[in-house]
Amino acid sequence: MKEKLLALQEAALAELAQADTQQALNDLRVKYMGKKGALTEVLRGMGALSAEERPVIGQVANEVRAAIERMLEQKTAELERLETERRLAAETIDVTLPGRSPAIGAVHPLSKVIREVEDIFIGMGYTIAEGPELEHDYYNFEALNLPKNHPARDMQDSFYITEELLMRTHTSPVQVRTMERMKGAVPVKIICPGRVYRRDDDDATHSHVFTQIEGLVIDEHIRMSDLKGTLLQFAQEMFGKDTKIRMRPSFFPFTEPSAEVDVSCVMCGGVGCRVCKHTGWLEILGSGMVHPRVLEMAGYDPAKYSGFAFGMGVERIAMLKYGIDDIRHFYMNDLRFLKQFARI
Ligand code: PHE
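Residues numbered from 1 in each chain as written. Predicted model: local features only at pLDDT ≥ 70, side-chain atom pairs only at ≥ 80, totals over all residues. Heavy atoms only, no water.

Engineer: An account of unusual backbone geometry is requested, with residue identities and associated values reported.
Structural biologist: For the peptide bond that leads from valine 186 to proline 187, omega is -5 degrees, which places it in the cis range. The omega angle of the peptide bond from glutamate 256 to proline 257 is -5 degrees, so this bond is cis rather than trans. As for its placement among the helices and strands, proline 257 is situated in strand S7 (residues 255–264). Of note in this structure, asparagine 145 is not a glycine but carries a positive phi near 70 degrees. Structurally, asparagine 145 is set in the loop between helix H6 (137–140) and strand S3 (165–167). Despite not being glycine, lysine 277 has its phi angle at roughly 50 degrees, a positive value. Along the polypeptide, lysine 277 turns up in the loop between S7 and strand S8 (281–290). (Helix = DSSP H or I, 4+ residues; strand = E, 2+ residues; numbered from the N terminus.)

Here you go:
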């Protein structure tokens with residue numbers, strides 16, 4: 001019986017040494033120490049032993065049980081330690097890894113320029129006005145002294161939706177809408193940014209949709225010198241304090257007199273370069289004194305009130321300011337282009 005016990009111990013210890021999961025250990029505990037286990041089985045035969053043999057075998061049995069239990073404990077501790085080590089290795093965090101930066105959008109260059117122009121004019125006491133992009137023929141042309149069949153309507157090939165409705169060809173109709181809204185009150189002092197539409201073939205400098213900013217001032221005693229001073233102030237805030245402006249006679253049906261306004265070249269400062277085609281000047285807007293008939297039609301007495309207006313192309317100003325060579329970049333939504341403005 002002693003041999004049986006010792007053989008059992010040997011077998012149990014050998015199997016335990018192989019066990020590599022808690023489940024395997026539990027199974028072995030049941031197999032050897034359980035109620036129907038191998039050790040219990042052997043001990044059941046103890047009743048048949050003589051009185052001398054019994055204590056001797058009893059002691060061997062106790063030793064075998066103790067040896068198996070020690071081994072079980074040892075293996076349990078070892079498996080727990082291995083499990084902890086495995087988890088620690090799996091959950092290691094490299095605190096030196098750089099964080100993942102969130103993708104933050106950037107303001108579109110056209111919106112940037114619009115905001116900048118708005119800030120400059122708000123600083124001079126202007127407010128911002130808006131009008132619809134789908135416009136009545138009346139506001140877009142008629143009330144701006146461009147009656148039907150006026151030859152100047154050819155200057156702006158338009159997208160007509162019906163006989164009476166078109167996509168506005170400029171932001172000037174907002175002048176008329178603002179004067180109507182003000183019902184003869186002064187001062188009127190607004191700028192109006194917005195999209196405009198013309199039947200142009202798209203190329204590097206033309207787009208059938210583009211952006212303008214309109215300006216309108218009406219009060220008593222408004223003179224051409226007010227227009228000039230305002231535009232000089234604007235040009236210097238926009239392009240730098242050494243910027244000069246130049247006014248050239250021009251024609252618009254809704255202003256009289258009218259002037260095309262140039263700024264000294266933002267690239268060469270006026271010396272002459274490729275950008276200004278060696279003239280030293282860049283045309284940036286159209287302007288003039290509001291035509292008496294336009295004032296009259298909108299309910300302002302031209303004998304008492306006068307005003308000036310101007311309109312500029314936002315794309316052109318953005319192109320000059322940031323050195324952009326193709327107007328189509330603004331509408332392509334190419335992230336490589338747009339991302340360049342993230343930090344400006
Ligand atoms: N509306 C004109 C254009 O689109 C610009 C302009 C505005 C000229 C106001 C004079 C006064 O060309």
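Engineer: How would you explain the environment of isoleucine 218 if you had to name every residue and give the values?
Structural biologist: Inspection of the secondary structure puts isoleucine 218 in strand S5 (residues 209–219). On the basis of relative accessible area, isoleucine 218 is assigned to the buried category, the value being 0%. When the C-alpha positions of isoleucine 218 and alanine 38 are compared, they lie 110 Å apart, and in sequence the two are 180 residues distant. For isoleucine 218, the residues in contact, after removing those within four places along its chain, are Met179, Val186, Pro187, Val188, Leu295, Tyr300, Tyr305, Ser306 and Gly307. (Buried < 20%, exposed > 50% of the residue type's maximum accessible area, 1.4 Å probe, protein only. Contact = heavy atoms within 4.5 Å.)

Engineer: Account for the sheet that holds S8, naming residues and giving values.
Structural biologist: Read from one edge to the other, the open sheet built from 7 strands follows the order S1-S4-S5-S9-S8-S7-S6, with strand pairing classed as mixed. The open sheet is flanked by strand S1 (127–128) and strand S6 (245–252), the only strands paired with a single partner. The pairing of strand S4 (residues 188–197) with S5 spans 10 bridges and is classified as antiparallel. Note on S5: the bridge partner recorded for isoleucine 190 is leucine 216. Contacting S1, S4, S5 and strand S9 (306–313), helix H5 (residues 109–123) crosses the sheet at an angle of about 165 degrees to S4. (Pairing = 2+ DSSP bridges. Axes fitted to C-alpha atoms, helices over the stretch in contact; angles between N-to-C directions.)

Engineer: Could you give an account of the side chain of arginine 168, with specific residues and numbers?
Structural biologist: By the secondary structure assignment, arginine 168 is in the loop between S3 and helix H7 (173–182). Despite being buried, arginine 168 has no salt bridge partner; glutamate 133 is the closest side chain of opposite charge, sitting 4.7 Å away. In this structure the side chain of arginine 168 is engaged in a polar contact, spanning 3.1 Å, whose partner is the backbone oxygen of glycine 131. When sequence neighbours within four positions are dropped, the list of residues in contact with arginine 168 reads Gly131, Pro132, Glu133, Glu135, Asn140, Pro173, Val174, Gly194, Arg195, Val196 and Tyr197. (Lys, Arg positive; Asp, Glu negative; His and termini not counted. Salt bridge = Lys/Arg side-chain N within 4 Å of Asp/Glu carboxyl O. Polar contact = N/O pair within 3.5 Å; in protein donor to acceptor, adjacent residues only side chain to side chain.)

Engineer: Explain the site of the ligand residue by residue, including any values.
Structural biologist: As a matter of local geometry, the ligand sits amid 15 residues, with His170, Ser172, Arg198, Gln212 and Glu214 nearest to it. A distance of 3.0 Å separates a nitrogen atom of the ligand from a polar atom in the side chain of histidine 170. Within the contact set of the ligand, an oxygen atom lies 2.9 Å away from a side-chain nitrogen or oxygen of glutamine 212. For the ligand, whose accessible area on its own is 330 Å², the fraction buried by protein is 92%. Of all the elements in the fold, those that place two or more residues in the shell around the ligand are S5, S8 and S9. Broken down by element, the residue count for the shell around the ligand peaks at 3 residues, all from S9. Considered class by class, the residues forming the shell around the ligand number 4 nonpolar, 9 polar and 2 charged. (Near = heavy atom within 4 Å. Areas by Shrake-Rupley, 256 points an atom, 1.4 Å probe, with all protein chains shown as cover. Nonpolar A, V, L, I, M, F, W, Y, C, P; charged D, E, K, R; others polar.)

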